[in-house]
Every structure is written in C-alpha cells, then in structure tokens.
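Coordinate inspection notes
What follows is each chain in one-letter form.
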Amino acid sequence: MPQWTDEQLEAINCYGRPVIVSAAAGSGKTAVLVERTIRLLCDEKLAIPADTLLAVTFTNDAAAQMREKLSAALENAAIEMPENAWIQKQQTLLRLANICTINSFCYDMVKNNLADTDLQSGVRIMEEKESDMVTERALDAVMEDAYEKFPQETEKLISLFCCEDDKPLREMIISLRKFLRSIPFSDVWVKNVTERLDGMQMISEIMADYAALADERAERCASTAERLRGLAEDLENYSKAKAKFLQNCDYAERILNALERAGDDMEACGEGLSSFSWIPMTGTTRTKQEKEDTTYPEEETYEEAKTCLSALKNAFSELAECYAVSEDEAKKDCAFVSKVFKQLLEFVNKLEENVWEIKVERNAIDFSDTELLTVNLLLNCDSSGRTSRTPIAEEIYRSGRYKLILVDEFQDVNNLQEAILKAVSDTDSMESIGSNVFAVGDVKQSIYRFRQANPKIFMQTRRLAEQSTDDKGVKEILLTKNFRSRAGVLDFANYLFSSLMNSRLGEVEYTKDEELVCGAKFIGD
C-alpha cells in the first residue's frame with residue numbers, strides 16, 4: 001500500500017466539484033490519478049459505471065498505459081474482494097470506457113455524426129505530409145487567382161511583406177489560417193477585432209498600454225538613478241566623476257518630475273524626452289593625491305557606478321520608446337492594419353474553402369479538422385461570442401454519458417479542446433469545467449505551444465480556483481513533492497527557475513508554492 005502524502009490524499013479524495021491538480025515533475029501524478037479513479041469506480045454507493053469514464057491524454061502511448069494501469073488496479077481490487085460483483089462488472093465495463101487521445105475522441109465524434117457534416121462513411125485521417133501538400137496545392141490556386149484578378153492589391157501586399165518572392169506572404173497566410181483554426185468560432189473573434197480596428201476602439205487600449213508601460217519604465221529609471229546616486233556619494237577620491245554622476249542623477253530626476261507633471265499628455269512627454277541629453281563623463285581625471293588615496297573597494301564602486309550610469313541611459317532610451325508614437329500616428333497605423341488584415345483574411349477564407357473542397361473530395365481530414373468539426377457538433381455561438389450546447393451536446397449532458405472526466409497534461413490543451421471538454425462535462429455555465437472533471441498538469445512543463453496549445457487555460461482555471469468561495473467552485477491542489485531526484489538536484493532546479501521564470505516567461509511566478517520539494521529518501525542521504 002503506497003504511503004500517500006497529505007496533498008496526494010487530498011487529490012485522491014476530492015470529488016463532487018471541478019478539480020485542477022498542479023503536479024510538479026516526479027510528484028506521482030499518474031499514481032494519484034489512477035488511485036482516485038479506481039476508488040471512485042469501486043465505490044458501489046457512488047455507482048459510477050466504468051463505461052462512463054472519459055480519460056483524455058495527449059499521446060497514444062500514454063492512453064494505452066493509462067488503460068493498462070486502470071485495468072491492473074481493478075484486477076487487484078477484484079482479487080482482494082473476489083465476492084464483490086460490482087467490481088467484477090466494472091472490469092467488463094472498463095473495456096468500453098473512452099481512454100484515448102483528444103484527437104481520437106474527436107475523430108469518433110465526427111464518425112458518429114457524419115450526417116451533420118459534408119463527409120461520407122469511411123472518412124479517414126490524413127497524414128501530416130498529405131495535409132500540408134493539400135494546403136500548398138490549394139494556396140497555389142489562391143495565389144494564382146489573386147495575381148490574375150487583383151494584381152495591384154496583391155503586389156502591394158507582396159511589397160509589404162516580401163523581398164525576393166511571395167514566400168513570406170504565403171507563410172503569413174498559412175500562419176494566420178493555423179491560428180484562426182485554433183479558435184472556437186473564429187468568425188466571432190475576427191468580427192470583434194475588425195470592429196475594434198475600424199471603430200478606433202483599439203487606440204485607447206494601445207495608448208493606455210503605452211502609458212502603463214511608461215509608468216513601469218519610469219519607476220525603473222527612478223530606482224536606477226537612486227542607486228547611482230548612492231554609489232556616487234561613496235566616491236571620495238573621484239571628485240570630478242562624482243560631481244558628473246550626481247549631475248546626471250539630478251538631470252534624470254528633473255526629467256522624471258516633468259513627465260509626471262505632463263501626466264497623460266503623451267506628446268508633451270515625447271517632446272521632453274527627445275530633447276534629453278546626458279552630461280558627458282569627460283574631464284574626470286583624478287588628482288595625484290586622489291589616486292594614491294583610492295582603495296580597491298572604491299575602485300570597484302566607481303566601476304559599478306559607470307555600469308549603473310549605462311543602465312540608466314538604457315532605461316531612459318526604453319522609456320522614450322513609449323512616447324515615440326502619437327495618437328494621430330496610432331490612428332493612421334490602425335486604419336492601415338485594418339485594411340491589410342482584411343486583405344489577408346480574404347486570402348485565408350479562400351484558402352480554407354479550397355482546402356475543404358479537396359478534403360471532402362478525398363473524404364479525408366486532419367486532426368485539427370476533427371477538433372473544429374467536434375466544436376461545431378457540440379456548441380452553438382451567438383454574435384456576442386456566448387456559447388451554448390447543441391442538441392447533440394445536450395443529449396450527452398442530460399444522459400450523464402460521461403460521469404467521470406480525467407484530463408492529463410491539461411497545460412497543453414488548446415482553445416478548441418477546452419471548449420469540447422466543457423461541452424461534454426456537467427457544467428451549466430460553459431464558463432468553467434464541470435464538477436465531474438479532474439484535470440492534472442504543470443504549466444512549467446508545457447511544450448506544445450507550436451501546436452497551438454494554450455497554457456493560459458491552465459492558469460485561468462487556477463485563478464478560478466483562487467476566486468472560489470464555496471465547495472462547488474474549482475478546487476486547486478498542488479503536488480510539489482518530487483520523488484525522483486535528490487535534494488541537491490532540486491535545489492539547483494529551484495534556483496535556476498526562480499531566477500528565470502515569471503508570468504511573462506513561463507506563464508507562472510516561480511514562488512515557494514511552485515518550488516520542488518524533495519519527497520524521497522535515498523541511500524547515503
């Protein structure tokens with residue numbers, strides 16, 4: 001019998017509400033997931049049929065291993081309780097459970113609802129190479145048509161993005177198509193973006209972002225100037241250099257005060273910074289006596305002050321960038337971007353039409369198609385972007401088809417997959433995962449961004465847990481104890497990640513709650 005930690009036991013025993021487990025590397029997440037599932041399936045009072053289990057993983061190997069571990073655990077339970085008819089029944093039903101990749105789940109959903117698509121019986125999954133070839137072939141036709149019917153507009157786009165040939169434009173069209181295909185009901189997203197661009201609503205957001213960034217950079221300038229002043233004050237035997245360091249500090253503070261007085265007048269701030277010039281550090285030679293009296297620590301302080309002045313100059317250069325664009329210029333840029341964006345969308349829409357025609361003709365689709373089709377089979381979306389279940393999803397919801405949903409590697413879920421999981425769960429609002437969902441992951445191990453994975457989904461779910469005020473909301477459980485590595489290895493990893501990882505780089509602040517804790521004892525420790 002494993003010796004479970006308190007955190008692991010909490011994850012195993014938590015049931016009846018949405019659960020998200022942030023499981024660090026080597027924390028025994030798979031063992032926890034299997035143990036929790038087996039306890040629930042073996043509990044005759046809960047009466048959760050094993051064939052109502054949906055366990056989603058991201059690789060076929062992982063799915064096979066999970067099925068094998070669940071089968072072995074149920075077999076052990078049957079051996080321990082040979083007279084328990086419920087467990088014996090569960091062993092049979094487990095063979096019918098959906099333990100698969102999200103792609104397999106979506107493929108099955110499409111095959112079971114072909115009448116609601118353009119596809120025929122026997123639809124197959126394309127290999128990646130075939131899918132890419134179909135896309136390239138369709139894009140060739142789109143580009144040829146554009147050159148013939150809209151030569152001037154096409155040439156203008158090429159002049160914007162290309163140098164020697166139209167390859168960069170083609171890559172941009174494919175990239176935009178791939179992005180839009182990762183968003184549920186992308187037409188609503190496109191409508192929202194174009195309206196914001198055309199209505200100039202984005203201008204106020206852009207200028208507000210610049211103002212916020214300017215405040216942040218101004219604080220860095222002020223703190224750097226203060227640090228430089230402190231270093232300069234200690235330079236007793238660098239009198240001339242000290243004076244110039246302090247003059248630059250005074251100058252920097254005057255500029256920052258002027259910016260503060262200018263407030264939201266971005267243009268005035270920009271003009272003030274454009275006329276800003278530093279006092280040169282020339283003519284700072286020390287006297288003979290100063291050279292003789294200078295100590296080694298003071299020399300180090302002087303070198304540090306020079307480095308600090310350089311950092312101060314860089315900080316002000318970055319601050320000036322925030323005021324480089326006026327509101328009028330931003331309006332012109334928005335109008336231009338809107339025009340180009342719409343032109344690119346025309347290419348993408350035509351490409352999508354051509355690609356789909358070829359796929360329907362071949363009766364073959366790729367995995368991203370299965371996800372898009374599944375979203376459309378399960379969800380409706382109104383003009384405001386609010387989603388609701390289709391009759392197919394309502395039937396799944398009301399019948400309790402999936403009483404237990406497990407999601408492994410939740411940090412690598414994309415927007416489409418999240419929408420699908422919500423649709424088949426027992427959630428009422430579609431704003432959060434249902435109470436029958438148990439999701440496990442670690443945002444620090446997200447590796448599929450190139451496949452449109454969205455780690456922010458994981459973090460947003462964690463934030464929902466933080467905001468939860470009752471026992472019905474999302475519950476977050478942290479598994480931080482590592483049972484694979486020695487303390488020295490974990491200490492080094494914690495030191496490295498705490499220095500590098502934050503909400504901008506890695507999606508999470510590497511705080512004490514995120515640090516790896518040694519949970520195993522090794523011979524020789």
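Structural notes, computed from the coordinates. (Residues numbered from 1 in each chain as written. Predicted model: local features only at pLDDT ≥ 70, side-chain atom pairs only at ≥ 80, totals over all residues. Heavy atoms only, no water.)

Taken in spatial order, the 6 strands make up an open sheet running 3-2-8-9-1-10, and their pairing is parallel. Edge positions in the open sheet fall to strand 3 (98-101) and strand 10 (475-479), since each of these has one partner strand only. The average undirected angle you get between the axes of adjacent strands in this sheet is 15°. Where strand 1 (residues 19-23) lies against strand 9 (residues 437-441), 4 bridges are found, and the strand directions are parallel. Following the sheet pairing, Val21 is matched in strand 9 by Val440. In the packing of helix 19 (residues 455-467) onto the sheet, the strands contacted are strand 1, strand 9 and strand 10, and the crossing angle to strand 1 comes to about 120°. (Pairing = 2+ DSSP bridges. Helix = DSSP H or I, 4+ residues; strand = E, 2+ residues; numbered from the N terminus. Axes fitted to C-alpha atoms, helices over the stretch in contact; angles between N-to-C directions. Contact = heavy atoms within 4.5 Å.)

Before going further, it helps to spend a moment on the packing of helix 9 (residues 186-198) against helix 15 (residues 327-362). Across the interface, helix 9 lies against helix 15 with an axial gap of 9 Å and an inter-helix angle of 150°. When the axis of helix 9 is compared with that of helix 15, the two are roughly antiparallel. Here helix 9 and helix 15 pass one another in a crossing that is left-handed. Taken together, the residues of helix 15 that come into contact with helix 9 (itself represented by Trp189, Val190, Val193, Thr194, Leu197 and Asp198) are Cys334, Val337, Ser338, Phe341, Lys342 and Leu345. (Parallel < 35°, antiparallel > 145°, perpendicular 65-115°, else oblique. Left-handed = near helix turned anticlockwise from the far one by under 90°.)

The tendency in soluble globular proteins is for nonpolar side chains to be buried as a group. Membership of the largest hydrophobic core comes to 45 residues, with the highest contact counts inside it found for Phe105, Leu378, Leu379, Ile405, Val407, Phe410 and Val424. The dominant element in this core, judged by the number of residues it contributes, is helix 18 (residues 415-424), at 6 residues. Once residues lying within four places of it in the same chain are set aside, the contact partners of Val424 are Leu54, Phe105, Leu378, Ile396, Tyr402 and Ile405. Among the nonpolar cores identified, the runner-up in size contains 35 residues, and Leu40, Leu41, Ile48 and Leu53 belong to it. (Core = buried A, V, L, I, M, F, W, Y, C linked by side-chain atoms within 4.5 Å. Buried < 20%, exposed > 50% of the residue type's maximum accessible area, 1.4 Å probe, protein only.)

Here the focus is the pattern of salt bridges. Under the definition given, this model contains 28 salt bridges. With its nearest N and O atoms 3.0 Å apart, the salt bridge here joins Asp408 to Lys29. Note that Asp408 is positioned in the loop between strand 8 (404-407) and helix 18 and Lys29 in helix 2 (residues 29-42), a separation of 379 residues in sequence. Assigned by exposure class, Asp408 and Lys29 land together as buried. (Salt bridge = Lys/Arg side-chain N within 4 Å of Asp/Glu carboxyl O.)

Before going further, it helps to spend a moment on the layout of surface pockets. The space that makes up the largest pocket amounts to roughly 1300 Å³. The wall of the largest pocket is formed by 34 residues, among which Asn103, Glu128, Phe367, Ser368 and Arg451 lie closest to the centre. Mapped onto the lining of the largest pocket, the elements with two or more residues apiece are helix 5 (102-111), helix 6 (128-149), helix 8 (167-180), helix 16 (367-378) and helix 18. The dominant element in the lining of the largest pocket, judged by the number of residues it contributes, is helix 6, at 5 residues. Taken together, the residues of the lining of the largest pocket sort by class into 10 nonpolar, 13 polar and 11 charged. Taken as a whole, the second largest pocket holds about 850 Å³ of empty space. Taken together, 32 residues form the lining of the second largest pocket, with Ile183, Pro184, Asn415, Glu418 and Lys422 sitting closest to its centre. If you list the elements that add at least two residues to the lining of the second largest pocket, you get helix 9, strand 6 (379-381), helix 18 and helix 19. (1 Å grid on protein atoms, 1.4 Å probe; cavity = no way out; pocket = protein on both sides within 12 Å on 5 of 7 lines; lining within 4 Å. Points joined across faces, edges and corners; volume = space filled by probe spheres on them. Nonpolar A, V, L, I, M, F, W, Y, C, P; charged D, E, K, R; others polar.)

Positive phi is not limited to glycine here, since Ala47 has a value of about 55°. Structurally, the position occupied by Ala47 is in the loop between helix 2 and strand 2 (53-57). For Ala47, a relative accessible area of 35% puts it in the partly exposed group. The phi dihedral of Glu409 is positive, around 55°, even though this residue is not glycine. The topology assignment puts Glu409 in the loop between strand 8 and helix 18.

Keep in mind these values describe shape, not function.
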